[in-house]
Structure formats: C-alpha cells, structure tokens
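# A structural walkthrough
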Amino acid sequence: MREAMYWKPLGGGRVRCELCPLRCIIDEGKRGSCKIRINKGGKLYTLNYGKVSSIALDPIEKKPLFHFWPGSCAFSIGTVGCNMHCKHCQNWEISQADENFPYLQDATPEAIVRLAKHYECESIAYTYNEPTIWYEFVLDTAKLAKKEGLNNILVTNGYINEEPFRELAPYIDAMNIDIKAFDDRFYMKIASVPNGEPSRRIAKIAKKEFGIHVELTYLIIPTLNDKEEEIRAFARWVVDELGSDTPVHFSRFFPHYKLLNLPPTPIETLEKAYKIAKEEGLKFVYLGNVPGHEGENTYCPRCGRLLIERWGFEVLKYNIEDGKCKYCGEKIPIVGKYQRKVYRGMWW
C-alpha cells in the first residue's frame, strides 16, 4: 500500500480522488469505483503499486498499434482494477478485481525495465487492464524506461483528468485509446461512467499538445453502438479534431462477460464502418479481430497500392521506404523503422 497521487482531503475523514473524471468521494475505510484506491485514516492509498497480474511479449500490432515501430516487440504488463465497468470486457477477470486477485506478483520499475531490455523489446506497454489507475507505478516505470531508451505505450480508455495526464504525458510515446461509442448513453449504460468526453479530450491533448502517437479503437457491438450516424459522427470527429492521418481500428465484438446475449459483429457491419470512415476522409482505417481480411492491411492513400500486408498481428509484406510509399513517394505517417522480430517465448 502506497499513498496515492492526486487527491484532496474533504474534512470529516473523507477524501476526493482527483485522478479520473469520476472524482470519487471516499469515506474512511472505503474504496473508489476502481476498487484499488482506499481511504485509510483520511489519506488516499493505492493498493496495486508494483502488483502485476499479467506479463507477456507481444507484437506491437496486438495493442493494436499499426503505425508505431511495425513488427517490434512490446513488453506488456498489467495489474488489476479499472475506472470503467464495461459489460463486454474481455479482461474482466483482472479489470474488475482488486489486490486480492490470487495471481498477482510483485515487481519494481527496475525489474520491469530490466526484463524488457533482456527480451530485446523496443517498448513497454501498460495494458490488459486500465493503466491510468496504476498511475503511480506507470509513472515511475515510464520515467526509468525513458532513461534506458525504451518507448512507453498506454493502451487505455483515456479516462483520466488533465492534470495527472499532463504529468505523465512527457514520458509516453504512443497510445491506443479505446473510444467506446459516440453516444453518451452507451457510456452510462455499458461502461458505468457519465460520458465519453474526457477520453476524447485526452486523445486531442495527447496528439496535438504532446505529439504522442495516437491510434483509436472502436469496438463495434451489435445494436449498441453500430448505427451508421454514430459511426459517421465518430469518423468526422477524428478528422476534425485529430487529423485524417489518425489510424482508426474498428474491432469485431465477440460475446463476453455480461454481454453473452449478443451475437458477434457481422463482418458486413465492420466493412460498412470502414466505408463510412473512408467517406468521411480518414486515410488509415483498419478492421480488427478478423484475421486474413484485407481490412488489416495498410494502403497508400494516394495510389492505393498495398504497403503493409498483415495476417492478424504478423507483418507479411512491408513496402514503405524512408517513410514513403515505395511506388508513388507519398509520405506515410509511420513512427520508427520496421522490425523483423523473432520472439523468445516467455510467460509469468
């Protein structure tokens, strides 16, 4: 247990957490919505510092990041807890758990950085559950990783207040931000938070103010966030606020957790979203959870030629030279060089 950052005493033994937009008011002995920030003696403590639930070597395409060091290795770590309670969460066993999760292992920032370098990874990805509620550990690890020449990646719902994000942002190189929907009723009903505006605001701050590489994921769930007008409004917002070169991943839903009553997303729905996003001006649109579909590939926005061919998380062909389409010379917004990696398996 470690004293948390970003909180205020309210008197009468109560505290208010200032880390995320929920701003939980927490009585003595009680916890915030994320389950891992607790009021003890009128002070707020975090219960997951250095507590690791998951660790793996992942291709960076799994995050998914398609325009950031393609083919490279992301040393991926996660803990427990989340400030959202999505009914469709694929990792609900850890995202909805607390410090009593039976498979937690202790780790230090030094150990994480040392392991990432040992396995020759270019990046550390804070992922699997919501990394921003692991704030203190992520901040300490990211600072150290930066000194050691490693990239830092957040795979996040982006639901964090501006002040803590601005402290963390200088150490973050790339983010995949999960935009749950473009209708606040979805956020209230499915994610148990008031609205999605904070996530959209953080995406804009990350890219426009800090120059962080940002990609977005929109999981399309049948009947809940798959309406044409909603997809179109989302794509238009990306073009207007983040830029037409922002990669967007429309991902296929499969029944999970508390949404077992819904079917998998039809491929036709994903293809329609792809078409809509292109019509609205997005240059780089991808389809996720559909291995072998051409929507996994990167195409030149000028000449239309195939630039990066993928199968799932594997890069099969790479036709970008010096950051440009090798056929017509169009500049392609890819960060870093293509890495052809051979992974040494590990698990924890």
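Residue numbers here run from 1 along each chain, matching the order of that chain's written sequence. The predicted origin of the model limits local features to residues at a pLDDT of at least 70 and limits the giving and counting of side-chain atom pairs to 80 or more, whereas totals for whole chains, interfaces and linings rest on all residues. Hydrogens and water are ignored here; the side-chain numbers use all heavy atoms of the structure.

## A closer look at the pairing of strand E2 (residues 7–11)
What counts here: Should DSSP find at least two bridges between two strands, the strands are regarded as paired. A run of H or I in DSSP becomes a helix once it reaches four residues, and a run of E becomes a strand once it reaches two; helices and strands are each numbered from the N terminus.
Here E2 pairs with strand E3 (residues 14–17) via four bridges, running antiparallel. Bridge pairing in E3 places Trp 7 opposite Cys 17. In this antiparallel pair of consecutive strands, E2 and E3, the connection spans two residues, and Gly 12 shows a positive phi of 65 degrees.

## Considering unusual backbone geometry
Where the residue is not glycine, phi is negative for most of them; where a peptide bond is considered, it is trans in most cases. With an omega dihedral of -10 degrees, the bond running from Lys 63 to Pro 64 counts as a cis peptide bond. Here Pro 64 is to be found in the loop between strand E8 (54–59) and strand E9 (73–78). In this structure, Thr 223 is a non-glycine residue whose phi angle is positive, near 75 degrees. You can see Thr 223 is positioned in the loop between strand E14 (213–220) and helix H7 (228–242).

## Regarding helix H8 (residues 267–279)
In plain terms, the rule: One fewer than the residue count of a helix, multiplied by 1.5 Å, yields its expected span. For every residue, the accessible area (1.4 Å probe, protein chains only) is compared with the maximum for its type, and the residue is labelled buried under 20%, exposed over 50%, or partly exposed between those bounds. Summarising the geometry, the arc corresponds to the directions from the helix axis toward the C-beta atoms. Contact definition: two residues touch when any of their heavy atoms are within 4.5 Å.
Taking 1.5 Å as the rise per residue, H8 with 13 residues should run 18 Å; its terminal C-alpha atoms sit 19 Å apart, in good agreement. Taken together, the buried positions of H8 are occupied by Leu 270, Ala 273, Ile 276 and Ala 277. Here the buried residues of H8 occupy an arc of 120 degrees about the axis, which is enough to place them on one side. The exposed residues of H8 that point more than 90 degrees off its buried face are Glu 268 and Lys 275. Each element contacted by the buried residues of H8 is listed here: E14, H7, strand E15 (248–252) and strand E16 (285–288).

## Overview of the UniProt feature "domain: Radical SAM core" (unreviewed entry) in the chain
Where we set the bar: UniProt positions are given in the numbering used here, feature names are shortened, and annotations may be inferred rather than shown by experiment.
In the UniProt entry, the feature "domain: Radical SAM core" (unreviewed entry) is given for residues 68–283. Annotation note: span residues 68–283, helix share 38%, strand share 17%, distance between end C-alpha atoms 16 Å.

## Let's talk about the layout of surface pockets
Rules: The distinction between a cavity and a pocket rests on a 1 Å grid over the protein atoms alone: a 1.4 Å probe fits inside a cavity but cannot get out, while a pocket stays open yet meets protein on both sides within 12 Å along at least five of seven lines, and a residue with an atom within 4 Å of a point counts as lining. Grid points are joined across faces, edges and corners, and a volume is the space filled by probe spheres set on the points. Three categories are distinguished: nonpolar for Ala, Val, Leu, Ile, Met, Phe, Trp, Tyr, Cys and Pro, charged for Asp, Glu, Lys and Arg, and polar for the others, with Gly belonging to the last.
Of the pockets and cavities examined, the largest pocket occupies roughly 1,000 Å³. In this structure, the largest pocket is lined by 37 residues; those nearest its centre are Lys 63, Pro 64, Gln 90, Asn 91 and Val 155. Those elements that provide at least two residues to the lining of the largest pocket are strand E12 (151–156), strand E13 (174–178), E14, E15 and E16. Class assignment of the residues belonging to the lining of the largest pocket gives a composition of 13 nonpolar, 17 polar and seven charged. Computed from the structure, the second largest pocket encloses a volume of approximately 150 Å³. For the second largest pocket, the full set of lining residues is Asp 183, Arg 185, Phe 186, Lys 189, Ile 190, Thr 223, Leu 224, Lys 227, Glu 229 and Glu 230. Among the secondary structure elements, those contributing two or more residues to the lining of the second largest pocket are helix H5 (184–191) and H7. Of all the elements, H5 adds the most residues to the lining of the second largest pocket, at four residues.

## Quick look at empty space enclosed by the protein
The probe, sized like a water molecule, is rolled over the atoms to show the empty space still left. Taken as a whole, this structure holds two cavities of 30 Å³ or more when the rule is applied. The computed volume of the largest cavity comes to approximately 90 Å³. Cys 17, Leu 19, Cys 20, Leu 22, Arg 23, Cys 24, Gly 32, Ser 33, Cys 34, Arg 37, Asn 83 and Ile 133 together form the lining of the largest cavity. Partitioning the lining of the largest cavity into residue classes produces seven nonpolar, three polar and two charged.

## Topic: the domain arrangement of the chain
Quick reminder of the rule: An automatic or database domain assignment is the source of the domain bounds shown. Reported buried area values correspond to the accessible surface (1.4 Å probe) lost by two parts on association, with both partners' losses combined. A side-chain nitrogen of Lys or Arg and a carboxyl oxygen of Asp or Glu constitute a salt bridge if their distance falls within 4 Å. Contacts described as polar in this section are N or O atom pairs within 3.5 Å, which, within protein, must combine one atom able to donate a hydrogen with one able to accept it, while residues neighboring in sequence count only if both atoms come from side chains.
Along its sequence, the chain is carved into domain 1 (2–46) and domain 2 (51–325). If you average the C-alpha positions of domain 1 and of domain 2, the two centres end up 28 Å apart. Taken together, the 17 residues of domain 1 in the interface contact 24 residues of domain 2. Taken together, both faces of the contact between domain 1 and domain 2 bury some 1,700 Å²; the carbon and sulfur share is 56%. It is Tyr 6, Leu 19 and Pro 21 that lose the most area in domain 1 upon contact with domain 2, and together they represent 33% of the buried surface on that side. At the boundary of domain 1 and domain 2, one finds four salt bridges. At the surface where domain 1 touches domain 2, the tally comes to 10 residue pairs in polar contact (both at pLDDT 80 or more). Residue composition of the side of domain 1 that touches domain 2, by class: nine nonpolar, two polar and six charged.

## A few points about the pattern of salt bridges
If you walk through the whole model with that rule in mind, you get 27 salt bridges. We note a salt bridge from Glu 162 to Arg 201, for which the minimum N-O separation is 2.9 Å. Taken together, the residues span a long stretch of sequence, with Glu 162 in helix H4 (residues 162–168) and Arg 201 in helix H6 (residues 197–209) at a distance of 39 residues. Look at Arg 201 and you get partly exposed, because its relative accessible area is 25%. Where Glu 228 meets Arg 232, a salt bridge forms, and the shortest distance between an N and an O atom there is 3.2 Å. Separated by four residues within a single helix, Glu 228 and Arg 232 lie in helix H7, roughly one turn from each other. We classify Glu 228 as partly exposed; its relative accessible area is 35%. With a relative accessible area of 19%, Arg 232 lands in the buried category.

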